[in-house]
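Letter by letter, the chains look like this.
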Amino acid sequence: MLLKARRVNRGNEEADTLAKKAITEGVVMKVLNPRCELKQHLQELFLKKWQNLWDNGNTGRSVHKVLKTVNLKPVFWTREEIMFVTGHGPFPSFLNRFHLSDSDSCACGEVGEPIHYATSCPLTLSWHIRTPSTSLESLWYQRVLENPNSRKRIINMIKFIIDNENIMRLSTHLPLYNKSSLSCIQYTEYTKSFRSQKSLIVIFLFLVFHN
Ligand SMILES: [Zn+2]
């Protein structure tokens, strides 16, 4: 009993000594962070690295215009919206890039890119959205995809392009649309009911030959 009491006393003394030492000298202690804090820290590091790769990457630049900040939350875009943003769809520019078409031009003569169809192509006049200035193109994409009406226009426009892919591109197989000597005026007009019925009603094609 006496021995045990002495041991207890000795332990108390050591504890007191260490406590005094800690007060007078200071003691650096490392305490493990909680697991959730560690997880959050790792996620922040991961997002930072991902953001850096996304900002300085070579691929997906058209999507980068719209989604500048990386996020773990999914983006709910329709198939048509994904085609519009990525440019991977029935567009002459895309088909030509992968050697699926001999020309990157739209039937109107301009480069057949998604933004061309959304803003200036006479073939998709019914769904046009105001043309962005070059410096604000990124902001334009973001606003278009935040606006329900604009999104609806884009979706219907892409559906139209899919349904009428052959008339949307400038084929060099047709001499009338030869890129080097464009010798025709193509005039396409859609009735107002076309927009609501989502189907092509009338296409007028006037060809004027020049010597
Ligand atoms: Zn066009």
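Residues numbered from 1 in each chain as written. Predicted model: local features only at pLDDT ≥ 70, side-chain atom pairs only at ≥ 80, totals over all residues.

Participant: Just to check I follow, could you spell out the overall build of the protein chain for this structure?
Facilitator: From N to C terminus, the protein chain includes ten helices and zero strands. Along the chain direction, N to C, the helices and strands of the protein chain fall in the order α-α-α-α-α-α-α-α-α-α. Taken across its 211 residues, the protein chain has 17% of its residues classed as buried. In the protein chain, once contacts between residues fewer than 6 apart in sequence are set aside, the share between residues at least 24 apart is 47%. (Helix = DSSP H or I, 4+ residues; strand = E, 2+ residues; numbered from the N terminus. Buried ≥ 20, exposed ≤ 12 C-beta atoms within 10 Å, placed from the backbone. Contact = placed C-beta atoms within 7 Å.)

Participant: Hey, could you run me through helix α7 (residues 137-146) in this one?
Facilitator: Structural remark: α-helix, 3.6 residues per turn; residues separated by three or four positions point the same way. Restricting attention to buried positions, one finds in α7 the residues Trp140, Tyr141 and Val144. Along α7, the residues classed as buried sweep out an arc of 100° about the axis, all on the same side. Looking at the buried residues of α7, the elements they touch are α3 (61-66) and α8 (148-163). (Arc of directions from axis to C-beta.)

Participant: Could you clarify how one ought to interpret the nonpolar core in this entry?
Facilitator: Across soluble globular proteins, you tend to see nonpolar side chains buried next to one another. One finds Ile154, Met157, Ile158 and Ile161 to be the most contacted residues of the largest nonpolar core, which totals 21 residues. Within the residue set of this core, elements represented by two or more residues are α4 (79-86), α6 (114-119), α7 and α8. It is α8 that provides the largest number of residues to this core, a total of five residues. Beyond its immediate stretch of four places on either side in the chain, Ile154 contacts Glu80, Glu81, Phe84, Ala118 and Val144. (Core = buried A, V, L, I, M, F, W, Y, C linked by C-beta atoms within 7 Å.)

Participant: Explain α4 here, please?
Facilitator: Met83, Phe84 and Val85 are the residues of α4 that are buried. Next to the buried residues of α4 lie α3, α6 and α8. Residue Gly87 follows α4 closely and has a positive phi angle near 80°.

Participant: Explanation requested: the packing of α4 against α8 in the structure shown.
Facilitator: A pair of packed helices is captured by two measures, namely the crossing angle of their axes and the spacing between those axes. Relative to each other, α4 and α8 sit at 90°, their axes nearing to 9 Å. If you check the angle between α4 and α8, you find them roughly perpendicular. Contacts between α4 and α8 pair Glu80, Glu81, Met83 and Phe84 from the former with Arg151, Ile154, Ile155, Ile158 and Lys159 from the latter. Counted by class, the contact of α4 with α8 contains five nonpolar, no polar and four charged residues. (Axes fitted to C-alpha atoms, helices over the stretch in contact; angles between N-to-C directions. Parallel < 35°, antiparallel > 145°, perpendicular 65-115°, else oblique. Nonpolar A, V, L, I, M, F, W, Y, C, P; charged D, E, K, R; others polar.)

Participant: What is the right way to read the environment of Cys121 from this model?
Facilitator: Within the secondary structure layout, Cys121 lies in the loop between α6 and α7. In sequence terms Cys121 and Glu110 are eleven residues apart; their C-alpha atoms lie 8.0 Å from each other. Residues contacting Cys121, with those up to four places away along its chain left out, are Cys106, Cys108, Glu110 and His116.

Participant: What's the story with the environment of Ser103 in this structure? I'm lost.
Facilitator: Looking at the element boundaries, Ser103 is found in the loop between α5 (92-97) and α6. Along the backbone, Ser103 and Arg169 are 66 residues apart, and their C-alpha atoms lie at a distance of 7.7 Å.

Participant: Just checking my understanding: could you explain unusual backbone geometry for this structure?
Facilitator: Note: most peptide bonds trans; most residues except glycine with negative phi. One non-glycine residue, His99, adopts positive backbone phi at about 60°. Relative to the helices and strands, His99 is located in the loop between α5 and α6.

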